[in-house]
Amino acid sequence: MSKKITLLIDGGHLRSYLKKAKKTIDADYIEKVGLSCALSTEEIVRILYYDCALFNGETRLPVSRTVQTFNQSTPYLHDLARKDLFAVRRDVLKFRGYVVKRGHQPSNPPVDSDFTPKFEQKGVDMRIGLDMATIAANRSVDLIALMTNDTDCVPAMKLVRRTGIQVALVCIPGCNPAPELLAHSDFKRSIPWP
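Residues numbered from 1 in each chain as written. Predicted model: local features only at pLDDT ≥ 70, side-chain atom pairs only at ≥ 80, totals over all residues. Heavy atoms only, no water.

For the rest of this paragraph, the subject is the overall build of the protein. Looking only at helices and strands, one finds six helices and nine strands in the protein. Along the three orthogonal principal directions, the C-alpha set of the protein runs to about 65 × 35 × 30 Å. Taking all 194 residues of the protein together, the buried fraction comes to 42%. Taking the contacts inside the protein whose residues are at least 6 apart along the sequence as the reference set, 67% of them involve residues at least 24 apart. As presented, the protein carries roughly 10,500 Å² of accessible surface, and 50% of it is formed by carbon and sulfur atoms. (Helix = DSSP H or I, 4+ residues; strand = E, 2+ residues; numbered from the N terminus. Buried < 20%, exposed > 50% of the residue type's maximum accessible area, 1.4 Å probe, protein only. Contact = heavy atoms within 4.5 Å. Areas by Shrake-Rupley, 256 points an atom, 1.4 Å probe, with all protein chains shown as cover.)

Here you go:
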C-alpha cells in the first residue's frame, strides 16, 4: 500500500534556487520539480504552491521623486493552478521602499540608479502553517513533504508530528537547510533538478 503525501512548496524559496541554477521558471518546470519530490512508494494527493504575483503599482524614486510604474505579470501562477494535483495559494507582495544596490557605492550626491526597490512577500509562512494544521486535523495523508527554508514553519511542523503524520523536509540543489527545520522533520529528502 502506497503512502499518501501532500507536498507544500514555498514558491519564493524555489524560485530563488531556480534563478541561481539558471533553470526555467514556468509552470511546466515547477510541475516537474513537484512531481520529483515523491518516492516511488508514495502517492501525491495534492501539491500546494505558495507564491505571489509580481508587484503592480506606482512608487516614487528615492532621489528625483519621479513616479515609477510597475506593471508586471506572472502567467506561470495561472498556468500552474490548472495543472493536475496543484493548488496555488496566492500571497501579497509589498513594496518596502528603496535600498542601495548590493555591493554598490552610492554616488555623491546620490542618484536614483544607486538604488533598487525592495519587496517583501507577506503571508506565506502563515498560509503554510494553516494548511499543515488543517491536514493534521483531518489526518488526510501519511506524510507532508515541505519545501522551504523558513523557520517560521517550525511550530506547524511540531504540530503535524504530534498527530503522528511524518514530515519530510525537501532540499533542492544548493539549499543548506536551517538546523531548526532539520530538527523538527522526520526526514531530509534531497532531490536533484529534473
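Don't stop here, the text continues.
By the definition in use, this model includes one aromatic pair. Seen from the ring of Y17, K20 lies directly overhead, with NZ or CZ sitting 4.5 Å from the centre. (Phe/Tyr/Trp six-rings, centres within 6.5 Å; stacked < 30°, edge-to-face > 60°. Lys NZ or Arg CZ within 6 Å of the ring centre and 35° of its normal.)

Taken as a whole and assessed by the stated rule, the structure comprises eight salt bridges. K83 is paired through a salt bridge with D28; the nearest N and O atoms lie 2.4 Å apart. You can see K83 sitting in the loop between α3 (75-81) and β5 (86-100) and its partner D28 sitting in helix α2 (residues 27-35), a full 55 residues away along the chain. Residue classification places D28 among the partly exposed positions, given a relative accessible area of 43%. (Salt bridge = Lys/Arg side-chain N within 4 Å of Asp/Glu carboxyl O.)

Positionally, H13 belongs in helix α1 (residues 11-20). Here H13 is in contact with M147, T148, N149, I172 and C175, once residues within four sequence places are set aside.

Further remarks concern the sheet that holds strand β1 (residues 3-10). If you trace the seven strands from one edge of the open sheet to the other, you get β6-β5-β2-β1-β7-β8-β9, paired in mixed fashion. Strand pairing shows two members of the sheet lacking a second neighbour, β6 (115-122) and β9 (187-190), which therefore form its edges. Each neighbouring strand pair of the sheet contributes to a mean axis angle of 25°, computed without reference to strand direction. Pairing of β5 with β6, which is carried by seven bridges, proceeds in the antiparallel orientation. By the bridge assignment for β6, V92 is matched with K122. The sheet strands contacting α1 are β1, β2 (42-52), β6 and β7 (143-147), and the helix crosses β2 at an angle near 85°. (Pairing = 2+ DSSP bridges. Axes fitted to C-alpha atoms, helices over the stretch in contact; angles between N-to-C directions.)

Attention now moves to the nonpolar core. L14, I30, Y49, M147, I172 and W193 are the most contacted members of the largest nonpolar core, which totals 29 residues. Only β1, α1, α2, β2, α3, β5, β7 and β8 (166-171) provide two or more residues apiece to this core. With four residues, α2 is the single largest residue contributor to this core. Excluding residues within four positions of it along the chain, I172 makes contact with H13, L14, Y17, M147, I191 and W193. Core analysis: the next-biggest nonpolar cluster, separate from the first, contains 23 residues, V141, I144, C171 and A178 among them. (Core = buried A, V, L, I, M, F, W, Y, C linked by side-chain atoms within 4.5 Å.)

Attention now moves to the side chain of D10. Its place among the elements puts D10 in strand β1. Within the buried set, D10 has no salt-bridge partner at all; the shortest N-O distance to an opposite charge, 6.8 Å, is to R15. Residues within four places of D10 in sequence aside, it is in contact with Y50, V124, I128, M147, T148 and D150. (Lys, Arg positive; Asp, Glu negative; His and termini not counted.)

Omega for the bond connecting N108 with P109 falls within 30 degrees of zero, at 5°, which places this linkage in the cis form. With respect to the element layout, P109 can be found in the loop between β5 and β6. Here R65, not a glycine, exhibits a phi torsion of approximately 65°, which is positive. Position of R65 among the secondary structure elements: in the loop between β3 (57-60) and β4 (67-70). Exposure remark for R65: the relative accessible area of 46% places this residue in the partly exposed category. A positive phi angle is found at L85, which is not glycine, with a value near 75°. Tracing the backbone through its elements, the reader meets L85 in the loop between α3 and β5.

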